[in-house]
Amino acid sequence: MKSCRIQGTLALFLTIGLLSSCATAGTGTPPALAARVKPILTTPAGVRFKDLNNNGQLDPYEDWRLPVDTRIDDLLSRMSLEEKAGMMLIQTLNAGCAGTLANTPTSDFIPTQKMTRFILRNVVKDTADPCDGSVTPGRAGYVVTPQQIAEFTNTVQALAESQRLGIPVQFKDNARNHYETDPRFGISAGAGAFTEFPKEAGIAAAALGTGDMSPVKALTEVMSKEWRSIGLRGMYGYMADLATEPRWYRVHETFTEDAELDAKIMKALVQGLQGGPVNPNSAVALTIKHFPGGGPQELGLDPHYSFGKRQVYPGGAFGAHLAPFKAAIDAGVSAIMPYYGVPVDLRHEGVSYDAIGFAFSKQIVTDLLRGKLGFGGYVNSDTGVINDRAWGLEMKTVPERVAAAINGGVDILSGFSSNKTITDLVKAGLVDEERVTLAARRLLAEQFKLGLFENPYVDASRARAAIGSDVNRAKGLLVQKQSIVLLQNRAQTHGGKTLPLAAGARVYTMGMGKADVEHYGYTVTDGNYTAPGTRPSAASADFAIIRVQVTNVNTSGYRTRGPSSGADSGKLNPTTGKPWGAEDPCNLNPSVNPVCVDDVQSPAGVAGGLVFGGALPWETDNLSFTTMAASQSWKVTPSLADIQAVMNEVGANRTVLTIYFRNPYVLDDASGLKNAGAILAGFGVSDTALLEVISGRFKPQGKMPFALAKTLQAVIDNEPDVPGYPAADTLFPFGFGLSY
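Every value quoted in this text rests on a predicted model; they were computed, and no experiment measured them.

Caption draft 1: The arrangement of the overall build of the chain in detail. For the chain, the helix and strand inventory stands at 22 helices and 23 strands. When the backbone C-alpha atoms are referred to their principal axes, the chain occupies close to 90 × 55 × 55 Å. Burial status across the chain gives 61% buried among its 740 residues. Total accessible area on the chain is roughly 25,500 Å²; 52% of this is exposed by carbon and sulfur atoms. With 68 positive and 71 negative side-chain charges, the chain shows a separation of 4 Å between the mean positions of the two kinds.

Below is the structure:
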């Protein structure tokens, strides 16, 4: 392409003919441009370009008419090693109070580290945290309003535009549009002002009920509008992992145990959010995770923690776990994230895989993901894989881990922000500069294809209207209703079934809002405690409706070297025969790991324990209601004792249980829960959605996205890589669901 040199405003008019001739060199629909720092060049015909490097010349990478590869070639030729290395870093960058840059690391991340990707974790609500010093922000930062978060992303984009080459920023986050009762940093965010759909398993339950992907389509339509309105154009999600290990605490982020259904959902997500391969009309570019499937966790533990690093495949089903990723790849997914886990004795299609973390494995990332599955996008490591969860490379230094990840095929390191580490490796000959250039090429493609080089900004004043609108909430509520599964509906003495409950019935409720229930024409006795030990009797009610939720508690005190936790010789890991903290890198290789990973220090020096979720490791097996009720780190709400008492007062057959299945809990015989007149399975739904089904205004149509076992022993004996249970051990199979 010929040079289009422009020197200042006067020269712009004098050389307009030259620029015009350049403008006719290509074709394409003119995009809407927005610039806050750099000038815009305009031809006599009104064709406009951003002068991103402010050199008064239309350079190929600034010319939106040219093919993306041509633009990338030109930009790469202008980038320094430091600028390319900066693209390989992604770190959390939360908005300061009221959406400002105050007390944020922005000035280091962009001008110094040359970073262009960030994880945006602030919770967004209608009311923001005050900035008077009364609020100390947590790991997810301050609570901000939709307009404030949009203003923040705009401000960061302007800072990025002001840099030498004006490369725009890509913001990413985990799922936000789901009914989340237990948000965890780095796992899932609370919805706040965003429209709430059921959790991922609820989306699958709804899809099974409708027989199509319309629930997924509704989710992606709403997400597209809401995320784009605040400049959030990338997602760490969704999880393609299969829910084959019921004890794994991240089951609540998976869609299903069924590989075929999961593959269909992955395809629908990519089509809905990206519109196929990333293009200027794509709303959100996806990073599907966690390759090659995080479901088969040994003992149901998780590799966020050293005691959960192993993934096992006793059923030989490794190939089934690849199917959802292949569907996403074929649909054009932009990025893939490998998990922390270490495969144990894994052999697949003639290849024996090394026992190192997936992100460091060339066999997994380069040979399998790229070579066999044909993935052409970029590979984004999981957060903290370098400094903390470098399983299999615990004895290596941080630079050695970085080199292993990059040479293995990872293009961007999450939770890492040291540019110099990468450039020093190149200068030392431990990483080829061509490998860094290749990573930058893959990463730049997403920013170009999304149109961020032309306009990375949003209209912040419109963000509030876009997020949580009445239209969007109606779509979310419909999918919530579609997701509810009727597991049991016994006959009553009057001849009818327990559900639906007729209006006018006297109902006793626990775990629900009294006004919500009264809105449906019921006379309500509120059984929620108003003070310790004071609960009214349910004996006079016609029916009881009890909403049951399970959470993990009392895990913040876990310490790797704690005498009553990680170092307790009376609590041993059955795999190693050692205390649960024995495999923490601070014990294995203290010289290169001075801080215990499982203590999760944030901020530095302040341990948080098992902040990512899950039970204490010696209680992971306790998935039945009876064992959970007796556990230190499980909490059933209302308590199992209260549930049983209410069932005795009103009569078990006149009790309706609505259970939030974040995991495939066991309705064991001793708990008595199976004696209820009706049982509804939910996966993150509102009182309103439940009452629509209970009242009969909406007939239940959801189907179980995973099987439920008859006994706890069936869960313990389950092969972690294989879905479901033998028929004799199955209480409710995959796909089960009743209606009225």
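Caption draft 2: Structural view of helix α21 (residues 687-694). Most of α21 sits inside the fold, with seven of its eight residues counted as buried. Listing the buried residues of α21 in full gives D687, A689, L690, L691, E692, V693 and I694. Contacts from the buried residues of α21 go to α16 (470-483), α17 (514-518), β18 (543-552), β20 (655-660) and β21 (678-682). The first or second residue beyond α21 is G696, which carries a positive phi of 90°.

Caption draft 3: Region of the structure containing unusual backbone geometry. In this model, F291 is joined to P292 through a cis peptide bond whose omega is 0°. With respect to the helices and strands, P292 occurs in the loop between β7 (285-291) and β8 (310-311). A cis amide bond, omega 0°, links L499 with the succeeding residue P500. By secondary structure assignment, the location of P500 is in the loop between β15 (485-489) and β16 (506-510). A positive phi angle, near 60°, is found at L299, a position not held by glycine. Structurally, the position occupied by L299 is in the loop between β7 and β8.

Caption draft 4: Representation of the state of the cysteines. Applying the stated criterion across every chain, the model contains two disulfides. Residue pairing for C586: its cysteine sulfur links by disulfide to C596, the two sulfurs lying 2.1 Å apart. Disulfide C586-C596: torsion about the S-S bond near 85°, hence right-handed. Here C586, found in helix α18 (residues 585-588), pairs with C596, found in the loop between α18 and α19 (625-629); they are 10 residues apart in sequence, far enough to count as distant. The same class applies to C586 as to C596, namely buried.

Caption draft 5: Structural detail: the pairing of β21. Among the five residues that make up β21, five are buried, leaving the element largely enclosed by the rest of the structure. On β21, burial covers both faces: A678, L680 and G682 on one face and I679 and A681 on the other are all buried. Summarising the sheet, β15 and β21 pair through four bridges and their orientation is antiparallel. Residue pairing in the sheet places Q488 in a bridge with I679 of β21. Pairing between β20 and β21: five bridges, direction parallel. Paired with V656 across the two strands is A678, which belongs to β21.

Caption draft 6: Inspection of the environment of G377 at higher detail. Within the element layout of this structure, G377 appears in the loop between α11 (362-372) and β13 (378-379). Overall, the relative accessible area of 16% leaves G377 in the buried class. Expressed as a C-alpha distance, the spacing of G377 and I149, which sit 228 residues apart in the sequence, is 28 Å. Leave out the neighbours within four places in its chain, and G377 touches S334, R370, D411 and R442.

Caption draft 7: Quick peek at the sheet that holds β7. Pairing is parallel in the open sheet, where eight strands are placed in the order β13-β9-β7-β6-β5-β4-β3-β14. Of all strands in the sheet, those with a lone pairing partner are β13 and β14 (413-414), marking the two edges.

Caption draft 8: Layout of the side chain of D584. In this fold, D584 is placed in the loop between β18 and α18. There is no salt bridge for the buried D584, and the closest opposite charge comes from R561, which lies 7.0 Å off by N-O distance. Excluding residues within four positions of it along the chain, D584 makes contact with S306, T560, V595, C596, V597 and D598.

Caption draft 9: Geometry of the nonpolar core. Counting 169 residues, the largest nonpolar core has L444 and F625 as its most contacted members. In terms of nonpolar packing, the next biggest core, distinct from the first, is built from 23 residues, L486, L501, V517 and Y520 among them.

Caption draft 10: Structural context of the pairing of strand β9 (residues 335-338). By the alternation rule, side chains of β9 split into A335 and M337 and I336 and P338, which are all buried. As judged from the four bridges shared by β7 and β9, these two strands associate in the parallel manner. Each bridged residue has a counterpart across the sheet, and for T287 the counterpart in β9 is A335. Pairing analysis gives two bridges linking β9 to β13, with the strands arranged parallel. Looking at β13, one finds that I336 is bridged to V379.

Caption draft 11: Structural context of helix α13 (residues 419-427). The complete set of buried residues in α13 reads N419, T421, I422, T423, L425 and V426. Taken together, the buried residues of α13 touch α4 (81-87), β3 (89-92), α12 (398-408), β14 and α14 (433-449). Phi for G429, located one or two positions after α13, is positive at around 80°.

So, how was this worked out
- Residues numbered from 1 in each chain as written.
- Predicted model: local features only at pLDDT ≥ 70, side-chain atom pairs only at ≥ 80, totals over all residues.
- Heavy atoms only, no water.
- Helix = DSSP H or I, 4+ residues; strand = E, 2+ residues; numbered from the N terminus.
- Buried < 20%, exposed > 50% of the residue type's maximum accessible area, 1.4 Å probe, protein only.
- Areas by Shrake-Rupley, 256 points an atom, 1.4 Å probe, with all protein chains shown as cover.
- Lys, Arg positive; Asp, Glu negative; His and termini not counted.
- Charge placed at Lys NZ, Arg CZ, Asp CG, Glu CD.
- Contact = heavy atoms within 4.5 Å.
- Disulfide = S-S within 2.5 Å.
- Pairing = 2+ DSSP bridges.
- Salt bridge = Lys/Arg side-chain N within 4 Å of Asp/Glu carboxyl O.
- Core = buried A, V, L, I, M, F, W, Y, C linked by side-chain atoms within 4.5 Å.

All quantities given are derived from atomic positions and should not be read as evidence of function.
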